[in-house]
Amino acid sequence: MRAWEREAPDINTDQLHKSEKNAVGMGLVALNELFGRWGEPAYRSIQVFEGIYKHRWSNWQQFSNLSKELRDKLATELIIEWPLLDCSLLSSDGASKHTVRLIDGKHVECVYIPYDGRATMCISSQVGCAMGCAFCATGSMGIVRNLLAAEIVGQVLAMAKYHRHPKDLPLNIVLMGMGEPLHNLKQVMDAFAILNHPKGMAIPPRRVTISTSGLVPGIIKLGEYSPRPRLALSLNATTDIARTKIMPVNSVWGLDQLSRALKSFPLHADEQITLEYVVIKGISDSMEDARRISDFANQFPSKINLIPYNQLQMSEYLPPTETLLNEMGSYLADRGHVVSIRRSRGQDIGGACGQLVIAK
């Protein structure tokens, strides 16, 4: 059985018990149960939920809307512990990459990318990844373990605090960091429910995107959630032979199965599936590839991001020429597709698409 066909490892039992004492990652249901056991009214759970996720308070004494007695009791029962930013690097283009230390000492990387009038956070869903994509540094780690919902939400809170992200500045969340989000769907969706909740960070579903390498069962399962994030597929090649060479998951769920899953995915009005296409010299950069991208994208509402490959030291692959990249983009635009050439930010700090990795 391949790594992605079985459950990914979870945090060990001792560390899980410790994490259950962390208020970060608790949803309203869990908080309601806690206060119900204590005989407290239900609105206390909303006050705590808002304090952690909306106001970003990190100490129980900041909860001035609670009595001192209740604050002291919370302090003895629960911690408020966000993942720690062990290392932060600033790119010349303004992006920042953060190495985040988790509760068990493991690490993941995440990226904060500011734009005019908004910001994007690229966050991780697993330590390592089981997919083994040949062009991605994370794949060289193998799968270590799933992240907990608290650790996924914690990346957002920690970066928001570090960058003093204004609460009224639009924030996009992309689960395009380390890991395959659909391989850890339960924890990812628990985190999404917290990030999306109007009493918390209130990030609209349209501003959260899950990117998958092509886990068809996960795509089908994601479509059953409401609300849910937007869906992106990391396509990266247009024939089964080429895609299987660089993305082993394609040997299990090939392009025909992917297209069927995407055609049946329950899209909302004006919603599109994003096709992320890493363009690699000699692998996926021909005009014939552009024609096949167009044919694939025509099967469902979609938009296309062409991403020039970000070269890795350990990889034999090379980025495409600018001429071919632009020709592919022009061809797709002429065929009526919504297409952009996405220049990855943070390349000089190893924070660009496909570059996130923790050395063993």
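Analysis parameters
- Residues numbered from 1 in each chain as written.
- Predicted model: local features only at pLDDT ≥ 70, side-chain atom pairs only at ≥ 80, totals over all residues.
- Heavy atoms only, no water.
- Phe/Tyr/Trp six-rings, centres within 6.5 Å; stacked < 30°, edge-to-face > 60°.
- Buried < 20%, exposed > 50% of the residue type's maximum accessible area, 1.4 Å probe, protein only.
- Lys NZ or Arg CZ within 6 Å of the ring centre and 35° of its normal.
- Axes fitted to C-alpha atoms, helices over the stretch in contact; angles between N-to-C directions.
- Helix = DSSP H or I, 4+ residues; strand = E, 2+ residues; numbered from the N terminus.
- Parallel < 35°, antiparallel > 145°, perpendicular 65-115°, else oblique.
- Left-handed = near helix turned anticlockwise from the far one by under 90°.
- Contact = heavy atoms within 4.5 Å.
- Nonpolar A, V, L, I, M, F, W, Y, C, P; charged D, E, K, R; others polar.
- Salt bridge = Lys/Arg side-chain N within 4 Å of Asp/Glu carboxyl O.

A. Quick peek at the packing of aromatic side chains. Tallied over the entire structure, the rule returns six aromatic pairs. Ring centres 4.9 Å apart and planes at 75 degrees place the aromatic pair W57 and F63 in the edge-to-face group. No difference in accessibility class separates W57 from F63, as the two residues are buried. Between the aromatic rings of W60 and F63, the centroid separation amounts to 4.9 Å while the plane-to-plane angle is 40 degrees, which identifies the pairing as tilted. With relative accessibility at 0%, the residue F63 sits in the buried group. A cation over an aromatic ring shows up here: R118 above the ring of Y115, its NZ or CZ 4.1 Å from the ring centre.

B. Focus on the packing of helix 2 (residues 28-37) against helix 3 (residues 43-54). Packing of helix 2 against helix 3 brings their axes to within 8 Å, and their N-to-C directions diverge by 130 degrees. Between helix 2 and helix 3, the interaxial angle falls into the category oblique. Seen along the crossing, helix 2 lies across helix 3 with a hand that is right-handed. Each of L28, L31, N32 and F35 in helix 2 lies in contact with helix 3, whose residues at this interface are R44, S45, I46, V48 and F49. Of the residues assigned to the contact of helix 2 with helix 3, the class counts are six nonpolar, two polar and one charged.

C. View of the pattern of salt bridges. All told, the structure shown has 18 salt bridges when counted by the stated rule. The closest approach of N and O atoms between D289 and R292, which form a salt bridge, is 3.3 Å. In this pair, D289 and R292 both sit in helix 10 (residues 287-297), three residues apart, roughly one turn of the helix. For D289, a relative accessible area of 6% translates into the label buried. Assessed through its relative accessible area of 25%, R292 is described here as partly exposed. Between D295 and R291 there is a salt bridge, with the nearest N and O atoms lying 2.9 Å from each other.

D. Main features of the packing of helix 5 (residues 149-162) against helix 6 (residues 185-196). Two elements in contact, helix 5 and helix 6, have axes whose closest approach is 8 Å; the angle formed by their N-to-C orientations is 45 degrees. Classified by the interaxial angle, the pair formed by helix 5 and helix 6 is oblique. Note on packing geometry: the crossing formed by helix 5 with helix 6 is right-handed. Contacts from A149, I152, V153 and V156 of helix 5 reach helix 6 at Q187, V188, D190, A191, I194 and L195. Broken down by class, the residue content of the contact of helix 5 with helix 6 amounts to eight nonpolar, one polar and one charged.

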